[in-house]
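# Per-entry structural report
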Amino acid sequence: GAGVSQTPSNKVTEKGKYVELRCDPISGHTALYWYRQSLGQGPEFLIYFQGTGAADDSGLPNDRFFAVRPEGSVSTLKIQRTERGDSAVYLCASSLGTGASEAFFGQGTRLTVV
Amino acid sequence: QQQVKQSPQSLIVQKGGISIINCAYENTAFDYFPWYQQFPGKGPALLIAIRPDVSEKKEGRFTISFNKSAKQFSLHIMDSQPGDSATYFCAATGSARQLTFGSGTQLTVLP
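Let us look at the structure shown here. Every value quoted in this text rests on a predicted model; they were computed, and no experiment measured them.

Within chain B, the regular secondary structure consists of 0 helices and 11 strands. For chain B, the succession of helices and strands along the chain, N to C, is β-β-β-β-β-β-β-β-β-β-β. Computed over its C-alpha atoms, the radius of gyration of chain B comes to 13 Å, within 12% of the 13 Å expected for a compact globule of 111 residues. Of all 111 residues assigned to chain B, the portion counted as buried reaches 45%. Sequence-distant contacts, at least 24 apart, represent 52% of the contacts inside chain B between residues at least 6 apart. Summed over all atoms, the accessible surface of chain B reaches about 5400 Å², with 49% contributed by carbon and sulfur.

The next subject is a nonpolar patch on the surface. Residues and elements named next belong to chain B. Together, Ile18, Ile20 and Met78 make up a nonpolar patch on the protein surface, roughly 240 Å² of accessible area in all. With respect to the helices and strands, Ile18 occurs in the loop between β2 (10–14) and β3 (19–25). Taking the relative accessible area as the measure of exposure, Ile18 reaches 46% and is therefore partly exposed.

Now for the packing of aromatic side chains. This structure, assessed with the given rule, holds 17 aromatic pairs over all chains. Their ring planes at 45° and their centres at 4.8 Å tell us that Tyr25(B) and Phe33(B) sit as a pair that is tilted. The residues Tyr25(B) and Phe33(B) share a single accessibility class, namely buried. Through a chain of ring-to-ring contacts, the aromatic side chains of Tyr33(A), Tyr35(A), Phe45(A), Tyr48(A), Phe105(A), Tyr36(B), Phe89(B) and Phe101(B) assemble into a single cluster.

Right, let's get into the interface of chain A and chain B. Facing 22 residues of chain A, the contacting portion of chain B comprises 19 residues. When the two sides are added together, the surface that chain A and chain B hide from each other amounts to roughly 1500 Å², 53% of it contributed by carbon and sulfur. Counting across the interface, chain A meets chain B through 0 salt bridges. Across the contact surface, chain A and chain B share 5 residue pairs in polar contact (both at pLDDT 80 or more). Those elements that provide at least two residues to the side of chain A that touches chain B are β4 (31–37) and β5 (44–50) of chain A. Of the residues in the side of chain A that touches chain B, the class split is 9 nonpolar, 11 polar and 2 charged.

Right, let's talk about the side chain of Ser80(B) for a bit. Residues and elements named next belong to chain B. Relative to the helices and strands, Ser80 resides in the loop between β8 (72–77) and β9 (86–92). Polar side-chain contacts of Ser80 include one of 2.8 Å to the side chain of Ser19. Residues in contact with Ser80, not counting those within four places in the same chain, are Val13, Gln14, Lys15, Gly16, Gly17, Ile18, Ser19, Arg61 and Val109.

What follows deals with the sheet that holds strand β7 (residues 65–68) of chain A. Residues and elements named next belong to chain A. Across the sheet, which stays open at both edges, the 4 strands sit in the order β1-β3-β8-β7 with antiparallel pairing between neighbours. Strands with a single pairing partner mark the edges of an open sheet, and in this sheet they are β1 (5–7) and β7. Each strand axis lies, on average, 15° off the axis of its neighbour in the sheet, ignoring direction. Across 3 bridges, the pairing between β1 and strand β3 (residues 19–24) is antiparallel. Looking across to β3, one finds that Ser5 is bridged to Asp24.

Next up on the list: the sheet that holds strand β7 (residues 62–67) of chain B. All names here are of chain B. Spatial ordering of the open sheet is given by β1-β3-β8-β7-β6, a layout of 5 strands whose pairing is antiparallel. Among the strands making up the open sheet, the edge pair consists of β1 (4–7) and β6 (56–59). Adjacent strand axes in the sheet meet at a mean angle of 15°, parallel and antiparallel pairs treated alike. One ladder, built from 6 bridges, connects β7 with β8; its direction is antiparallel. What sits directly across from Ile64, in β8, is Leu75.

So, how was this worked out
Residues numbered from 1 in each chain as written. Chains lettered and ligands numbered in written order. Predicted model: local features only at pLDDT ≥ 70, side-chain atom pairs only at ≥ 80, totals over all residues. Heavy atoms only, no water. Helix = DSSP H or I, 4+ residues; strand = E, 2+ residues; numbered from the N terminus. Rg over C-alpha atoms; globule rule 2.2 N^0.38 Å. Buried < 20%, exposed > 50% of the residue type's maximum accessible area, 1.4 Å probe, protein only. Contact = heavy atoms within 4.5 Å. Areas by Shrake-Rupley, 256 points an atom, 1.4 Å probe, with all protein chains shown as cover. Patch = residues over 30% accessible without salt bridge, like charges linked within 9 Å, V, L, I, M, F, W, Y side chains within 5 Å. Salt bridge = Lys/Arg side-chain N within 4 Å of Asp/Glu carboxyl O. Phe/Tyr/Trp six-rings, centres within 6.5 Å; stacked < 30°, edge-to-face > 60°. Buried area = accessible area lost by both parts, 1.4 Å probe. Polar contact = N/O pair within 3.5 Å; in protein donor to acceptor, adjacent residues only side chain to side chain. Nonpolar A, V, L, I, M, F, W, Y, C, P; charged D, E, K, R; others polar. Pairing = 2+ DSSP bridges. Axes fitted to C-alpha atoms, helices over the stretch in contact; angles between N-to-C directions.

Here it is, written out as structure tokens:
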């Protein structure tokens, strides 16, 4: 596609449930990033993939969060046993991955845990 | 520890005026400083970026000024328009690749 695509746009889930958020990066972009943005704040880094491997997962808040990118393209962010504090907009970005090149963001998935 | 500090939190400017947003960073390993524009319900969009080997970069009405010794950089929006009303984020990155964002500035340009 022309840009980074994230699905679903909105997700409402009950506390304790499992959710998966999907990201389709720009074709040819080897680097993929997940960020979390709380209301009124800047995005905060979660995890960075270079190809299929997680090059840096230092931003994942705890072991309830996990992300995969099995074929080096689409990525899924998985959250187990969701908590109300997980409510935020989850943003995905991709870049060519050659140095600090520009990252293109998707529109985000708004997750609400009730 | 917040590594990129952004101010002001909100800014109101008259149409045609100059909007100025400031950021300061702590990590001297940062070597790429982008600014992002975000509209409600949308993801951040790259506006303009600078590397520390230059002190200024201009693209249309948008200018970044960079002061390496002070570890500060700023965004200037000339001839501000109501369509510029959005939230602006400064960011920084280095070899770690991840972006570290400021807390954002909500800009309102009055018609």
